[in-house]
Amino acid sequence: MRRLRGLDAAFLYAETAAAPMHAAALQIFEPPVDGGDFFQSFRAHLQERIPLLPHLHEHLHATPLGLDHPVWVADSAVDIGRHVHLDRLPPPGSLTQLTQLAEQLYPPLLDRSRPLWDYTVIEGLERGRSAVFGKAHHACLDGMAAQATFEQMFSGTPEIEPPLHASERREQEPHGFPLLRGALAHLREQPARSLRALPDVARGAWKLAERAREHSGEPRTPQTRFNVAVGAPRRFEVASVSLARARAIARAQRVSVNDVVMAACGGALRSYLAEKRELPDEPLVAFAPVSLRAKGDSGANNQVFGMLASLATDVPDPRERLRAVHASAHDAKALVEDLRSVAPSDFAIPGAATLIPALVQLAMALHLPEHATFFNVVISNVPGIAHPVYMHGARMIAEYPMSIVTNGAALNMTVMGVEDSLDFGLVACAKAVPDLDVLRDHLVEAFRELDKLAAPHEA
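Predicted model only: the values in this text are computed from it and were never measured.

Participant: An account of the overall build of the chain is requested, with residue identities and associated values reported.
Facilitator: Secondary structure assignment for the chain yields twelve helices and 15 strands. Burial analysis of the chain (459 residues in total) assigns 51% to the buried set. When contacts within the chain are restricted to residue pairs at least 6 apart in sequence, those whose partners lie at least 24 apart make up 80%. For the chain, the accessible surface area stands at approximately 20700 Å², while carbon and sulfur atoms represent 57% of it.

This is the structure we're talking about:
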């Protein structure tokens, strides 16, 4: 039994039917080398690994009176039939049909009485391929932990691995008194933790004040069609670009690959909003999650902070836009380093399970998403898997993330990848961005424009 940390629990408390807090990924596989049944192989493969991966075999248990965050309880009796499903595309089994099915599979909330994950194996794709659409609640994992999980689930060779015999672990449902005692102890520790953190908080506040003075003359974050309350229907579009080309651009311009990703997103958003005559004079601002994990840490939790960076959508020239994005991101990363020690990963608020959802509802009633804009879109770059990976002999050729959109941020642009591919998953509230395919096309074109900035011998 382990207690959720404050940041993990916050994803539970903020969830609504219109704003689910599970992240998803759409993975595409070549046919298995042995020509076997991919669905049955995947199901058997996953069944073996349930005891190895905490989020697959742990379910939530609330603390008495909601005094503290819930706890995870291990359970080996996971009914895989309730978590792994089979679907099939009608001919021709195109990528468009696949993303449309993902749009339908994404919205339903995960059942909190069971482990918070779900997989759908999708057959009938072109060229005999299969896909896996997986959902896991953000209370379980952040992006880096999810990728570490995939590394444990997949094989580095096409050979079929022998079955695993992992030891099963089961815990009795915790009783009220031990949970109540643990909750009260956790709450009693909070004042002492807060006092210990005061010096770091003071230093962080000073840094924020300095930054505010330095940037007091900068334009404010504009209001856009992305900064609204969201509804449940989603739009989902995908695109892939070459990681090698992104690295070539980064080398030639002396920036990072992440700067290239951000600049491509900025170029796409500039073109998209300009077509609609909605391009603001002020540059759009992105919220970019930043991992706080130590190297090798693959714990099943959230260890993230975030930075705000300009997308330079007010700059017409791609090279100058890339330079402006690089400068803004560099400044934002420096601030994150200053604030790293006070990043809120754990906190205890009596009755948070009731209080935070009530505050979310109040914010919606006051239309705060339309009036309090600190950033316009979420852009996340999660390191991909650099080597070939296989699922029971079937090689994965693409991994498209389908991440979270929230009230006030109706568009999420996340990139992962496999081998030499940067795989973008664009997710949006269908009402706010009904033509997400247009934005996807602008993203591909924006990357082509940046590709011209690579060194001539690398073109």
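Participant: Tell me about the sheet that holds strand 5 (residues 84-88), and please be specific about residues and values.
Facilitator: Pairing within the open sheet is mixed, and its six strands lie in the order 5-6-7-2-13-12. Of all strands in the sheet, those with a lone pairing partner are strand 5 and strand 12 (390-391), marking the two edges. Here five bridges tie strand 5 to strand 6 (residues 117-123), and the two strands are oriented parallel to one another. The residue of strand 6 that forms the bridge with His85 is Thr120.

Participant: Which residues make up the nonpolar core, and what values go with them?
Facilitator: Buried together is how nonpolar side chains tend to be arranged in soluble globular proteins. With 48 residues, the main nonpolar core has Phe226, Leu269 and Leu411 as its most contacted residues. Broken down by secondary-structure element, the contributors of at least two residues to this core are helix 7 (243-253), helix 8 (257-275), helix 9 (318-339), strand 11 (377-381), strand 14 (411-418), strand 15 (421-429) and helix 12 (436-451). The leading source of residues in this core is helix 8, at ten residues. Ignoring sequence-local partners within four residues, the contact set of Phe226 consists of Leu269, Tyr272, Leu273, Leu284, Asn376, Val377, Gly408, Ala409, Ala410, Leu411 and Val433. Counting 41 residues, the second-largest nonpolar core is a separate cluster that includes Leu7, Leu60, Ile122 and Ile404.

Participant: So what about helix 2 (residues 38-49)? Which residues, and what values?
Facilitator: An ideal rise of 1.5 Å per residue puts 16 Å on twelve residues; helix 2 measures up with 17 Å between its terminal C-alpha atoms. Buried within helix 2 we find Phe38, Phe39, Ser41, Phe42, His45, Leu46 and Arg49. On an axial view of helix 2, the arc spanned by its buried residues comes to 165°, and they lie on one face. With a side-chain oxygen lying 3.0 Å from the backbone nitrogen of Phe39, the N-terminal cap of helix 2 falls on Asp37.

Participant: Give me the lowdown on the sheet that holds strand 4 (residues 71-74), citing residues and values where you can.
Facilitator: Spatial strand order, 1-4-3: three strands in an open sheet with antiparallel pairing. The open sheet has two free edges, formed respectively by strand 1 (2-3) and strand 3 (58-61), since each of these has just one partner strand.

Participant: Go over the pattern of salt bridges, please, and point to the residues and values.
Facilitator: Here the structure, examined in full by the defined rule, presents 15 salt bridges. For Lys452, the salt bridge identified is with Glu449, shortest N-O distance 3.2 Å. Judged by its relative accessible area of 28%, Glu449 falls in the partly exposed class. Connected via shared salt-bridge partners are Glu103, Arg235, Glu237, Arg440 and Asp441.

Participant: Would you mind going over the side chain of Thr99 in detail, with residue names and values included?
Facilitator: Within the element layout of this structure, Thr99 appears in helix 4 (residues 95-105). Judged by relative accessible area, which is 3%, Thr99 ranks as buried. When residues no more than four places from it in sequence are discounted, the contact partners of Thr99 are Phe236 and Val238.

Participant: Describe in detail the environment of Leu53, supporting the description with residues and values.
Facilitator: Locating Leu53 in the fold gives a position in the loop between helix 2 and helix 3 (54-57). Here Leu53 falls in the buried class, since its relative accessible area comes to 3%. C-alpha separation for the pair Leu53 and Gln152, spaced 99 residues apart in sequence, amounts to 8.4 Å. Excluding residues within four positions of it along the chain, Leu53 makes contact with Thr149, Gln152 and Met153.

Calculation rules
Residues numbered from 1 in each chain as written. Predicted model: local features only at pLDDT ≥ 70, side-chain atom pairs only at ≥ 80, totals over all residues. Heavy atoms only, no water. Helix = DSSP H or I, 4+ residues; strand = E, 2+ residues; numbered from the N terminus. Buried < 20%, exposed > 50% of the residue type's maximum accessible area, 1.4 Å probe, protein only. Contact = heavy atoms within 4.5 Å. Areas by Shrake-Rupley, 256 points an atom, 1.4 Å probe, with all protein chains shown as cover. Pairing = 2+ DSSP bridges. Core = buried A, V, L, I, M, F, W, Y, C linked by side-chain atoms within 4.5 Å. Expected span 1.5 Å × (residues − 1). Arc of directions from axis to C-beta. Polar contact = N/O pair within 3.5 Å; in protein donor to acceptor, adjacent residues only side chain to side chain. Salt bridge = Lys/Arg side-chain N within 4 Å of Asp/Glu carboxyl O.

Just geometry here; none of it tells us what the structure is for.
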